[in-house]
Amino acid sequence: MTIANRRNQSIITFKPGEVIFHEGGRGDKMFVIQSGEVALSKQVDDLEVPLQNLKAGAIFGEMALVDN
């Protein structure tokens, strides 16, 4: 992960396969995908269940700002 600041916004670059956050963790950020894609999944028992692949322009993590 690398971080750069631009006009009160942080630009964070993640490596392929890097986990951005886990379900149930404390969230304080919303993410906008500028390039590439993000795979969302859910842990069910011992299985990782794919939910959705998000592409450039999509946002995620916004519910952490609403629900804390």
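Residues numbered from 1 in each chain as written. Predicted model: local features only at pLDDT ≥ 70, side-chain atom pairs only at ≥ 80, totals over all residues. Heavy atoms only, no water.

### Points about the overall build of the chain
Selection criterion: For helices the rule is a DSSP run of H or I covering at least 4 residues; for strands it is a run of E covering at least 2, with both sets numbered from the N terminus onward. The buried label applies to any residue whose accessible area, calculated with a 1.4 Å probe on protein chains only, is under 20% of its type's maximum; exposed applies above 50%, and partly exposed to all values in between. Contacts between residues were defined by any pair of non-hydrogen atoms, one from each residue, lying within 4.5 Å.
Counting its regular elements, the chain contains one helix and six strands. Helices and strands in the chain line up, N terminus first, as β-β-β-β-β-β-α. Evaluated residue by residue, the chain yields a buried proportion of 12% over its 68 residues. Contacts in the chain between residues at least 24 apart in sequence constitute 31% of all its contacts with a sequence separation of at least 6.

### Here's the deal with the confidence of the model for the chain
Here is the rule: Confidence of the predictor in every single residue is expressed as pLDDT, which spans 0 to 100.
Per-residue confidence for the chain gives a mean pLDDT of 87; residues scoring 70 or more make up 88%. Summarising per-element confidence for the chain, the mean pLDDT is lowest in strand 1 (residues 2–6) (64) and highest in strand 5 (residues 47–55) (96).

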